[in-house]
Amino acid sequence: MTALDTAGAAVRPAPAAAVRGGTLVVYRWEAAKLVRQVRTRLVVLACVLAPFLFVAALKMQTTTPQDTLFGRWVHDSGFAVPLVVLGFAGQWALPALTSVVAGDIFACEDRHGTWRTILTRSRSRGQIFAGKTLAALTYGVVVTVLLGASSLVAGVLMVGHQPLVGLSGTLLAPGHATALVLASWASVLPPVLAFTGLGLLLSVAGRNGALGIGGPVVIGLLMQLGSMADLPVPVRTLLLTTPFGAWHGLFTDPPFRGPLLWGAAVSAGYLVLCVGGAYALLRRRDITGG
Amino acid sequence: MADASSEAPAVAAAVEARGLARRFDGAVAVAGLDLTVGPGRVHGLVGPNGAGKTTLLSMLLGLVRPDAGTLRLFGRTHGEHGARARDGVAGFVEAPRFYPYLTGRANLELLAGLDGGDARSRIASALEVSGLGDAAKAKVGGYSVGMRQRLGIAASLLRDPRLLILDEPTSGLDPAGMRDVAALVRRLAGDGVAVLLSSHDMDEVEGLCDDVTIMHAGRAAFDGTMAELRDRAPAPEFLLTTSDDEKALDVATSSDGLVVAREADGEALSVRAARERLDEYVIALGRAGIAVRTLALRTSALKSLFFDLTGGGPADAATAAEPTLEKVPG
Ligand SMILES: Nc1ncnc2c1ncn2[C@@H]1O[C@H](COP(=O)(O)OP(=O)(O)OP(=O)(O)O)[C@@H](O)[C@H]1O
Ligand SMILES: [Mg+2]
């Protein structure tokens, strides 16, 4: 009986609960680690402050960013501000911001040689991977939400809540404009998460933070060049940069939402492939040296 | 609970490896190794550089995947039980690594968070045992090798292990640190914890371990208890200088159980003999009118055996000359 007790004492709770609990434990652990990192905090701070600085800079000049959608309304309606920021951010800033964490979240364990430290604790590789992946995805959502909310607040506070002229020329009342701005920002979450997945994959595969952070940005820029070049339509619809512009359809009359759905589907595809690939690499990897 | 008895037999060995093998890019690191470590045993893994010690320990810790063989830790396998195969298993391979931008204590807190359970409550005692002292408040980036080693031991103790795996735990430690590690290992073993530790140094292992596996090129050149190893040990090797080495060599040829050879540099003689035979030889030298100027132990009996088994080191030439040495205790 005593022998059985001893054996029983070593057995953890039911596996399914332990797995879910384990992922959550890793998620909280990684979050605690990220919160202590200067880089992560700086990016969050930048997301909050940058829109205010942007509006302040706009107010000091009389010209408007004409080449951007809604650019010419930035002095007339505060709601144009978050849309102009979204136009810029979708091109490279959001992929870069989310990659700051995603691109380094696995590579940092290589840099510090700490894989063998964390993989010899009581969590499985699957749990470590899932927890870290969830933390990176959360960070992607957080920076997007912060940047979007801060741009909206900066626009409304510093320019005002005048009605916005839609793309078909109709005037959008403040309430409607707010809803559309929020919907537009929400619509870039899928591609942001897809770029997060790309960062995760490069982080695992490259074992190098610079590659993980810079890689998605470069890939994003290349895709953008591709979308400007004369690529065949099927290829163009598969580019991860296209969903960043899908929100334009919300501001036409009548709105067309097809690109939003298609963009979300393409983004989901990228995310699944990248995260699946990253896990396949990490699962089989031997931890030696370093 | 019902599955506990079937998964983990009542007296499962801490480690039970059979035919464990691993290659890297075609080069053999571990070649079909058997290893059993019982509860409360201190098991030494000794071998020269590249013998495969770290690779073997990495496989036990689930860091490196074996190409072949079976491995059970307290009756559980990595394949069937995942992370639970490491329940009660702690340790590190190569120099332990931590987040350099955090203090030693913050690193332990982070790891305790990963472990969950009551790991956090063991931080203070683990730090105390590790002897890290005030350094625990400093950032790990500024740690010396020995301090990191101590933190590695503290991190392992957080898991309240029943099997402790240590890869060259005393490398980089000062003499006091080595003494502390030896005392800790002894104490844990007294509490029934199985300890598997690797080392280059036969002499270090001799005083500490109950069992020993001598590894060479991925294989076990010896596997047994320390007492069995001592029984197999050849004569120790001494370095001798005399007033007339030429004549001293002549005196030696007429004796059994004694191997005398000229050192490569011609400056001294190497003598392999049991203590009694050595006494006789020295007396014989005196009788022949040859003065002994220096006589010093060069390689202890166990070290000699280690070199014999692993085919390296200074004893090589002497062994080759005389393979049929008598057994000599100690
Ligand atoms: N990641 C790796 N890639 C290629 N070869 C490897 C790798 N890890 C180990 N090896 C090889 O496997 C063999 C055993 O290495 P291992 O590190 O296990 O030896 P060791 O006994 O721990 O040596 P040391 O005493 O120097 O620490 C060596 O020949 C080594 O070159
Ligand atoms: Mg080694």
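Structure: above.
First, a word on scope: everything that follows refers to the structure included in this document. Predicted model, so just to flag it, every value in this text is computed and none were measured. (Residues numbered from 1 in each chain as written. Chains lettered and ligands numbered in written order. Predicted model: local features only at pLDDT ≥ 70, side-chain atom pairs only at ≥ 80, totals over all residues. Heavy atoms only, no water.)

## Considerations on helix H4 (residues 104-115) of chain B
All names here are of chain B. Between its first and last C-alpha, H4 extends 17 Å over twelve residues, near the 16 Å set by a 1.5 Å rise per residue. Across the twelve residues that make up H4, a large majority, nine, are buried. Buried within H4 we find Gly104, Ala106, Asn107, Leu108, Leu110, Leu111, Ala112, Leu114 and Asp115. (Helix = DSSP H or I, 4+ residues; strand = E, 2+ residues; numbered from the N terminus. Expected span 1.5 Å × (residues − 1). Buried < 20%, exposed > 50% of the residue type's maximum accessible area, 1.4 Å probe, protein only.)

## Re the site of ligand 1
Residues in contact with ligand 1 amount to 13 residues; listed here are only the nearest, Thr288 of chain A together with Asn49, Lys53, Thr54 and Thr55 of chain B. Proximal residues around ligand 1 fall on chains A and B, making this an inter-chain site. Per-element tally for the shell around ligand 1: the top contributor is helix H2 (residues 53-60) of chain B, with three residues. Looking at the shell around ligand 1 residue by residue, the classes come out as four nonpolar, seven polar and two charged. (Near = heavy atom within 4 Å. Nonpolar A, V, L, I, M, F, W, Y, C, P; charged D, E, K, R; others polar.)

## Examining the interface of chain A and chain B
Opposite the 38 residues of chain A that make contact, chain B presents 40 residues. The interface formed by chain A and chain B includes three salt bridges. Between Arg121 of chain A and Asp115 of chain B there is a salt bridge whose closest N-O contact spans 2.7 Å. The interface formed by chain A and chain B contains 23 residue pairs in polar contact (both at pLDDT 80 or more). Elements supplying a minimum of two residues to the side of chain A that touches chain B: helix H1 (2-9), helix H2 (15-35), helix H5 (107-111), helix H6 (115-118), helix H7 (125-158) and helix H12 (258-284) of chain A. At five residues, H2 of chain A tops the list of elements feeding residues into the side of chain A that touches chain B. Along the lines of polarity and charge, the residues of the side of chain A that touches chain B split into 13 nonpolar, twelve polar and 13 charged. (Contact = heavy atoms within 4.5 Å. Salt bridge = Lys/Arg side-chain N within 4 Å of Asp/Glu carboxyl O. Polar contact = N/O pair within 3.5 Å; in protein donor to acceptor, adjacent residues only side chain to side chain.)

## Brief notes about the packing of aromatic side chains
Residue and element names in this part refer to chain A. Taken as a whole and judged by the stated rule, the model has ten aromatic pairs over all chains. Between Phe129 and Tyr279 the ring centres are 5.1 Å apart and the planes differ by 40 degrees, which places this aromatic pair in the tilted class. Residue Phe129 is found in helix H7, and its partner Tyr279 is found in helix H12; the two are separated by 150 residues along the sequence. Overall, Phe129 belongs to the buried group, its relative accessible area being 6%. (Phe/Tyr/Trp six-rings, centres within 6.5 Å; stacked < 30°, edge-to-face > 60°.)

## Observations concerning unusual backbone geometry
Here the amide bond leading from Asp253 of chain A into Pro254 of chain A is cis, since omega sits at 0 degrees, within 30 degrees of zero. Here Pro254 of chain A is to be found in the loop between helix H11 (233-237) and H12. Notably, Asp160 of chain B is not glycine yet its phi reads approximately 50 degrees, a positive angle. If you trace the backbone, Asp160 of chain B turns up in the loop between helix H6 (145-157) and strand E6 (163-167).

## Looking at the sheet that holds strand E1 (residues 15-24) of chain B
Residues and elements named next belong to chain B. The strand order across the open sheet built from three strands is E2-E1-E4, with neighbouring strands paired in antiparallel fashion. The open sheet has two edge strands, strand E2 (27-37) and strand E4 (68-73), and neither has a second partner. Taken over all neighbouring pairs, the strand axes of this sheet differ in orientation by 25 degrees on average, direction set aside. The pairing of E1 with E4 spans five bridges and is antiparallel. Across the sheet, residue Ala17 finds its bridge partner in E4, namely Leu71. (Pairing = 2+ DSSP bridges. Axes fitted to C-alpha atoms, helices over the stretch in contact; angles between N-to-C directions.)

## Overview of H7 of chain A
Think of an α-helix as 3.6 residues a turn; residues three or four steps apart then line up on the same face. In this model, H7 of chain A (34 residues) spans 48 Å end to end at C-alpha, consistent with the 50 Å of a helix rising 1.5 Å per residue. Two residues or fewer after H7 of chain A comes Gly160 of chain A, characterised by a positive phi angle close to 125 degrees.

## Digging into the sheet that holds strand E10 (residues 237-242) of chain B
Residues and elements named next belong to chain B. Strand order in the open sheet made by the four strands is E11-E12-E10-E13, with antiparallel pairing throughout. Strands with a single pairing partner mark the edges of an open sheet, and in this sheet they are strand E11 (258-262) and strand E13 (292-299). Adjacent strand axes in the sheet meet at a mean angle of 25 degrees, parallel and antiparallel pairs treated alike. Pairing between E10 and E13: six bridges, direction antiparallel. For Thr241, the partnering residue across the bridge sits in E13 and is Thr294. The strands touched by helix H12 (residues 301-310) are E10, strand E12 (269-273) and E13; relative to E13, the strand with the most contacts, the crossing angle is about 60 degrees.

So far we have only geometry, and geometry alone does not tell us how the molecule works.
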